[in-house]
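As a plain string of letters, each chain reads:
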Amino acid sequence: GGFGAFCKVLRPGIDVDPHYFGHYFRTSIYRRTVSNLAAGANINNLKNEHLDNLEIPLPPLAEQKRIAGILDAADALRARRRESLAQLDTLLQSTFIDMFGDPVTNPMGWEVGRLSDIVERLDGGKNMAKSETETDFRVLKVSAVTSGQYRPDESKYLPADFEVPDSYLVRVGDLLISRANTVELVGATAYVWKTPENIALPDKIWKFIWKKDAQIEPLFIYHLSQDAEFRRILGSRASGTSGSMKNIAKPKLLGLPIPLPPLELQQRFAAIVESVEQQKAAQRAHLAELDTLFAALQQRAFAGDL
């Protein structure tokens, strides 16, 4: 492997422990330093001398190794927690396939309908001006759903004088979908497990409004939409000419064919999902605690207090 013009390699000398050296570049101290040094109209740039002139606390080699060992151990705990979360996601994916089969080839022969058979309409917001000051309501950015997880922190304040219609507001149990994004991310969906009450939809995110008599469980549709081949088919219905940005129209989305297993089976799957999500919430809370601990250890390590 090699590196290009926008990269710089830093190699520690024999008196510097590589792990200790590497940990420094993950600290908030380092991030603040380079953020203050970087400058550029569109792309922020660091000069060679910015990095060459960095001052790094350098205790004796044995002390460096001791500090690095503590930080490595704390970081390993975080890695294991992230792996546990990934395994729970894999469990849900395999459970979905076990219960319903491949959603595209439909080997179990489920009835096939279209989204329009179960969806009354798709509600979204509009392109709204943003406020630079704190106000009562916030509007989501597209990044709030692109990861497949609902992230209400990915939002901006709305102007204080804007009256938010109820149809714009996000509620627990909503299934959201991005109608406009890159080729890879158009049609990304996220299920709302919890949300502040002051979050509004933008014009590029819709929420599904289900028909009252629809034999459907939203969590089934959410996990259906996470299937790679299903996502590819969904994305193929998007169009657009502005670079890599694509947009999917409501008729094309609502015309998407979907398997429709019995509602009872969907509900059994939803119960499993809810149980696993409770475990994931506990794992995320523990991971947040480990992240806080790791940041505190980093700060103490390079302040000479560890």
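Check the entry above for the structure.
Described in the following lines is the structure provided in the data block. Only a predicted model underlies this, so the values are computations on that prediction, with no experimental measurement involved.

**Notes on the packing of aromatic side chains**
Here comes step 1: In this structure the tally under the stated criterion is 13 aromatic pairs.
Here comes step 2: Look at Phe-21 and Phe-25: their rings are 5.0 Å apart centre to centre, the planes differ by 75 degrees, and that puts the pair in the edge-to-face class.
Here comes step 3: The interplanar angle of 75 degrees and the centroid separation of 5.5 Å between the aromatic rings of Phe-96 and Phe-269 together place this pair among those described as edge-to-face. Pair noted here: Phe-96 is in helix 4 (residues 61–100) and Phe-269 is in helix 9 (residues 263–301), with a separation of 173 residues, a long-range link.
Here comes step 4: A connected cluster of aromatic rings, assembled from ring pairs, spans Tyr-20, Phe-21, Tyr-24, Phe-25, Tyr-30 and Phe-302.
Here comes step 5: Across from the ring centre of Phe-294, 4.0 Å away, lies the NZ or CZ of Arg-78, which sits over that ring.
Here comes step 6: Here the basic side chain of Arg-138 rests over the ring of Tyr-157, its NZ or CZ set 4.2 Å away from the ring centre.

**A closer look at the side chain of Asp-17**
Here comes step 1: The residue Asp-17 is located in the segment before helix 1 (18–24) in this model.
Here comes step 2: For Asp-17, the side chain forms a polar contact with the main-chain nitrogen of His-19, separated by 3.1 Å.
Here comes step 3: From its side chain, Asp-17 meets the backbone nitrogen of Tyr-20 in a polar contact 2.9 Å long.
Here comes step 4: Each residue touching Asp-17, except ones within four places of it in the same chain, is listed here: Leu-61, Gln-64, Lys-65 and Ala-68.

**Examining the nonpolar core**
Here comes step 1: In terms of nonpolar packing, the biggest core is built from 38 residues, with Leu-115, Ile-118 and Ile-221 touching the most fellow members.
Here comes step 2: In contact with Leu-115, other than residues within four places in its own chain, are Phe-208, Leu-253, Leu-254, Leu-256 and Ile-258.
Here comes step 3: If you look at the next biggest cluster of nonpolar residues, it comprises 15 residues, including Leu-54, Ala-74, Leu-297 and Phe-302.

**Some words on the pairing of strand 9 (residues 205–210)**
Here comes step 1: With 5 of 6 residues buried, strand 9 lies mostly within the body of the structure.
Here comes step 2: Examined bridge by bridge, strand 2 (residues 119–124) and strand 9 share 5 bridges and lie antiparallel to one another. Paired with Val-119 across the two strands is Trp-210, which belongs to strand 9.
Here comes step 3: With 3 bridges connecting them, strand 5 (residues 175–178) and strand 9 associate as antiparallel partners. Its bridge partner lying in strand 9, Ser-178 is registered against Ile-205.

**Focus on the sheet that holds strand 7 (residues 189–191)**
Here comes step 1: Strand order in the open sheet made by the 4 strands is 2-9-5-7, with antiparallel pairing throughout. The open sheet has two edge strands with one neighbour each: strand 2 and strand 7. Across the sheet, the mean angle separating the axes of adjacent strands is 30 degrees when strand polarity is ignored.

About the cut-offs
- Residues numbered from 1 in each chain as written.
- Predicted model: local features only at pLDDT ≥ 70, side-chain atom pairs only at ≥ 80, totals over all residues.
- Heavy atoms only, no water.
- Phe/Tyr/Trp six-rings, centres within 6.5 Å; stacked < 30°, edge-to-face > 60°.
- Helix = DSSP H or I, 4+ residues; strand = E, 2+ residues; numbered from the N terminus.
- Lys NZ or Arg CZ within 6 Å of the ring centre and 35° of its normal.
- Polar contact = N/O pair within 3.5 Å; in protein donor to acceptor, adjacent residues only side chain to side chain.
- Contact = heavy atoms within 4.5 Å.
- Core = buried A, V, L, I, M, F, W, Y, C linked by side-chain atoms within 4.5 Å.
- Buried < 20%, exposed > 50% of the residue type's maximum accessible area, 1.4 Å probe, protein only.
- Pairing = 2+ DSSP bridges.
- Axes fitted to C-alpha atoms, helices over the stretch in contact; angles between N-to-C directions.

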